[in-house]
Amino acid sequence: MNFHILTLFPEMIMNGLNTSIIGRAVNKGLLSIEAVNIRDYAFNKHQSVDDYPYGGGAGMLMQAEPVYLAYEAIAGKLAKKPRVVYLSPQGETFSQKMAEELAKEEELVLLCGHYEGIDERVLEEIVTDYVSIGDYVLTGGELPAMVMVDTISRLIPGVLHNDVSAEFESFQDHLLEYPQYSRPEEWRGKKVPSVLLSGHHANIEKWRREQSIIRTKERRPDLLQKCVDNGLLDKREMKFLRELDENIE
Ligand code: ADE
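Below is a short write-up of the structure.

Reading the values: the criteria
Residues numbered from 1 in each chain as written. Predicted model: local features only at pLDDT ≥ 70, side-chain atom pairs only at ≥ 80, totals over all residues. Heavy atoms only, no water. Helix = DSSP H or I, 4+ residues; strand = E, 2+ residues; numbered from the N terminus. Buried < 20%, exposed > 50% of the residue type's maximum accessible area, 1.4 Å probe, protein only. Near = heavy atom within 4 Å. Polar contact = N/O pair within 3.5 Å; in protein donor to acceptor, adjacent residues only side chain to side chain. Expected span 1.5 Å × (residues − 1). Contact = heavy atoms within 4.5 Å. Pairing = 2+ DSSP bridges. Right-handed = clockwise from strand over helix to strand, strands pointing away. Axes fitted to C-alpha atoms, helices over the stretch in contact; angles between N-to-C directions. Left-handed = near helix turned anticlockwise from the far one by under 90°. Nonpolar A, V, L, I, M, F, W, Y, C, P; charged D, E, K, R; others polar. Phe/Tyr/Trp six-rings, centres within 6.5 Å; stacked < 30°, edge-to-face > 60°.

## What about unusual backbone geometry?
Right, so step 1: Here R183 and P184 are connected by a cis peptide whose omega angle stands at 5°.
Right, so step 2: Residue position: P184 is located in the loop between helix 7 (163-168) and strand 8 (186-187).
Right, so step 3: Positive phi outside glycine occurs at Q47, with the angle close to 60°.
Right, so step 4: With a relative accessible area of 38%, Q47 lands in the partly exposed category.
Right, so step 5: The phi dihedral of Y115 is positive, around 55°, even though this residue is not glycine.
Right, so step 6: Among the secondary structure elements, Y115 is positioned in the loop between strand 6 (107-112) and helix 5 (120-126).
Right, so step 7: On the accessibility criterion, Y115 (36% relative accessible area) is partly exposed.

Okay, here's the thing in structure tokens:
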């Protein structure tokens, strides 16, 4: 996967993504991250890329031409037109499902806006997907782009140490992850649940699955309802859930 990020703050992107798991994946050649500075495509001597909005109103807008030239510099090198994601609170909310779908792309362009946004005409011309990372407003698209790169990258085979860990985690199987414990066996009077020390794998699996159900019920009842509606809990788990409900009532 090759990420191409169009931004006014390339150092923010590169500094944010060159460490830890993503940095290592880049070094291993499993993915590449290129931040293209839109300011390099400014067409006036002051290198400005923003201007006042027609019709008045607060703030400045990023102009169409530098964004388009920066896009062309990337797209011109590729065999086919890439998907171009514009990060915006007006987009579809980013999700694990969307990340899985985007992880299939060979090339992905992420366009980061700043100021009050970008001239609509260039968006109409190049953007294929509008994506928001949640119902709140940030000062620019860089953090959302980094969130997307991180989420998509960990789905690429080889990026995580342990191939199964992406599979079993929260959301992938529609339930939240069960609680985990490491050494010591007792910490400040709090003990590790005894089943985890039993070495009985079937019991451990059952306990973990039940903990996932309890946790999802407490923290994300909306997700648990989806699970039930889609028949993702087996008969025994449905019974466990009914018993939980009865105990609460
Ligand atoms: N730019 C500003 N706020 C944003 C958000 N919530 N998601 C994506 N891009 C944004």
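## Focus: the site of the ligand
Right, so step 1: The immediate surroundings of the ligand are formed by L87, S88, P89, V131, S132, I133, G134, Y136, V137, L138, G140 and P144.
Right, so step 2: In this structure, G134 approaches the ligand through a main-chain N or O atom, which is 3.1 Å from a nitrogen atom.
Right, so step 3: Secondary structure elements with two or more residues in the shell around the ligand: strand 5 (83-93) and strand 7 (129-132).
Right, so step 4: The element best represented in the shell around the ligand is strand 5, accounting for three residues.

## Side note on helix 6 (residues 142-153)
Right, so step 1: Here helix 6 contains twelve residues, and its C-alpha end-to-end distance of 16 Å stays within 8% of the 16 Å for a straight helix at 1.5 Å per residue.
Right, so step 2: Summarising burial for helix 6: nine of the twelve residues are buried, a large majority.
Right, so step 3: Residues of helix 6 that are buried: E142, P144, A145, M146, M148, V149, T151, I152 and S153.

## Notes on the side chain of E210
Right, so step 1: With respect to the helices, strands and loops of the structure, E210 is situated in helix 8 (residues 201-219).
Right, so step 2: Once residues within four sequence positions are removed from consideration, E210 is found in contact with R236 and F240.

## Section: the pairing of strand 5
Right, so step 1: Across five bridges, strand 5 lies against strand 6 in parallel orientation. Along strand 6, the bridge assignment pairs R83 with L108.
Right, so step 2: The β-α-β motif built from strand 5, the intervening helix 4 (residues 96-102) and the parallel element strand 6 has right-handed crossover chirality.
Right, so step 3: One ladder, built from five bridges, connects strand 5 with strand 7; its direction is parallel. Within strand 7, the residue paired with Y86 across the bridge is Y130.

## What to know about the packing of helix 1 (residues 10-17) against helix 6
Right, so step 1: Contact geometry for helix 1 and helix 6: axes closest at 10 Å, N-to-C directions at 35°. Helix 1 and helix 6 meet at a crossing whose hand is right-handed. Residues M12, I13, G16 and L17 of helix 1 pack against E142, L143, A145, M146 and V149 of helix 6.
Right, so step 2: Split into classes, the residues belonging to the contact of helix 1 with helix 6 amount to seven nonpolar, one polar and one charged.

## Here's the deal with the packing of aromatic side chains
Right, so step 1: With the rule as written, the count across this model stands at two aromatic pairs.
Right, so step 2: Seen from their ring centres, Y68 and Y71 are 6.1 Å apart, and the 40° between their planes marks the pair as tilted. Of the two residues, Y68 and Y71 both sit in helix 3 (residues 64-75), three residues apart, roughly one turn of that helix.
Right, so step 3: Y68 sits in the partly exposed class, given a relative accessible area of 27%.
Right, so step 4: Taken together, a centroid distance of 6.1 Å and an interplanar angle of 80° make the contact between Y86 and Y130 edge-to-face. Of this pair, Y86 sits in strand 5 while Y130 sits in strand 7, and the two are 44 residues apart along the sequence.
Right, so step 5: Judged by its relative accessible area of 8%, Y86 is buried.
Right, so step 6: Judged by relative accessible area, Y130 falls into the partly exposed class, the value being 33%.

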